[in-house]
Amino acid sequence: MIKQGQKLPAATLSELTKEGMVNHDIQALFANKKAVLFAVPGAFTPTCSNAHLPGFVVMADQFKAKGVDIIACVSVNDAFVMQAWGEAQNASELMMLADGDASFTKALGLEMDTAAFGGIRSQRYAMVIEDGVVTLLNVEEPKSFEVSKAETVLAAL
């Protein structure tokens, strides 16, 4: 599993924007930036839709006031689902990134197998990234939602 102080692995995540599909090289995306990246097990799922994503949407201005350049949500879903979920949640200030094949999640060592429920998904976590280096990593225990909340991450900045 990735640890604080380590650089992000090479990976590509996709995002469906108004201009079309964009494939982001993660190392380039987060170079020379301060970012918050949080992961959810699945778009449109209860905790993710009712608490996790909305917290970052509501507090986006507070993160930006603390020098955060990018707030991004990632899930093992496709870019179409992530774009629709972002629209449904009024997440226009956030990047909604898709890890369709879970390659980024696996490279981080943060995958989990939900078996018949959804297969390989991401564990729930939040990280702060500064110039491509993880400076804070909060990974939730299974079925928990405390350390990756927007409020918790904001307080750590």
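Up top is the structure these notes are about.
On a predicted model such as this, the values are computed, not experimentally measured, just so you know.

A. Spatial organisation of the layout of surface pockets. Space inside the largest pocket adds up to approximately 450 Å³. Along the walls of the largest pocket sit 17 residues, with Pro 41, Met 112, Arg 124, Pro 142 and Lys 143 positioned nearest its centre. The dominant element in the lining of the largest pocket, judged by the number of residues it contributes, is helix H2 (residues 46-58), at 3 residues. When grouped by side-chain class, the residues that make up the lining of the largest pocket number 7 nonpolar, 6 polar and 4 charged. In this structure, the second largest pocket encloses a volume near 370 Å³. For the second largest pocket, the lining is made up of 15 residues, of which Leu 16, Lys 18, Gln 83, Ser 92 and Leu 94 are closest to its centre. Mapped by element, the contributors of at least two residues to the lining of the second largest pocket are strand E1 (12-17), helix H4 (79-88) and strand E5 (95-98). A total of 4 residues in the lining of the second largest pocket trace back to one element, the largest contributor, which is H4. Of the residues assigned to the lining of the second largest pocket, the class counts are 6 nonpolar, 4 polar and 5 charged.

B. Broad picture of the nonpolar core. Formed by 26 residues in total, the largest nonpolar core has its most connected members in Phe 38, Phe 56, Phe 63, Trp 85 and Leu 94. For this core, the elements supplying multiple residues, two or more each, are strand E3 (34-40), H2, helix H3 (60-65), strand E4 (70-75), H4, E5, strand E8 (125-130) and helix H6 (150-156). With residues up to four places along the chain from it excluded, the contact list for Phe 38 reads His 52, Leu 53, Phe 56, Ile 71, Ala 72, Cys 73, Val 74, Leu 94, Tyr 125 and Ala 126. Listed in part, the 23 residues of the second largest apolar core include Leu 8, Leu 37, Ala 72 and Leu 137.

C. Representation of unusual backbone geometry in the model. One non-glycine residue, Asn 90, lies in positive phi territory at about 55°. Its place among the elements puts Asn 90 in the loop between H4 and E5. Given the relative accessible area of 61%, Asn 90 is considered exposed. The phi dihedral of Asp 131 falls on the positive side, at around 50°, and the residue is not glycine. Of note, Asp 131 is situated in the loop between E8 and strand E9 (133-139).

Reading the values: the criteria
Residues numbered from 1 in each chain as written. Predicted model: local features only at pLDDT ≥ 70, side-chain atom pairs only at ≥ 80, totals over all residues. Heavy atoms only, no water. 1 Å grid on protein atoms, 1.4 Å probe; cavity = no way out; pocket = protein on both sides within 12 Å on 5 of 7 lines; lining within 4 Å. Points joined across faces, edges and corners; volume = space filled by probe spheres on them. Helix = DSSP H or I, 4+ residues; strand = E, 2+ residues; numbered from the N terminus. Nonpolar A, V, L, I, M, F, W, Y, C, P; charged D, E, K, R; others polar. Core = buried A, V, L, I, M, F, W, Y, C linked by side-chain atoms within 4.5 Å. Buried < 20%, exposed > 50% of the residue type's maximum accessible area, 1.4 Å probe, protein only. Contact = heavy atoms within 4.5 Å.

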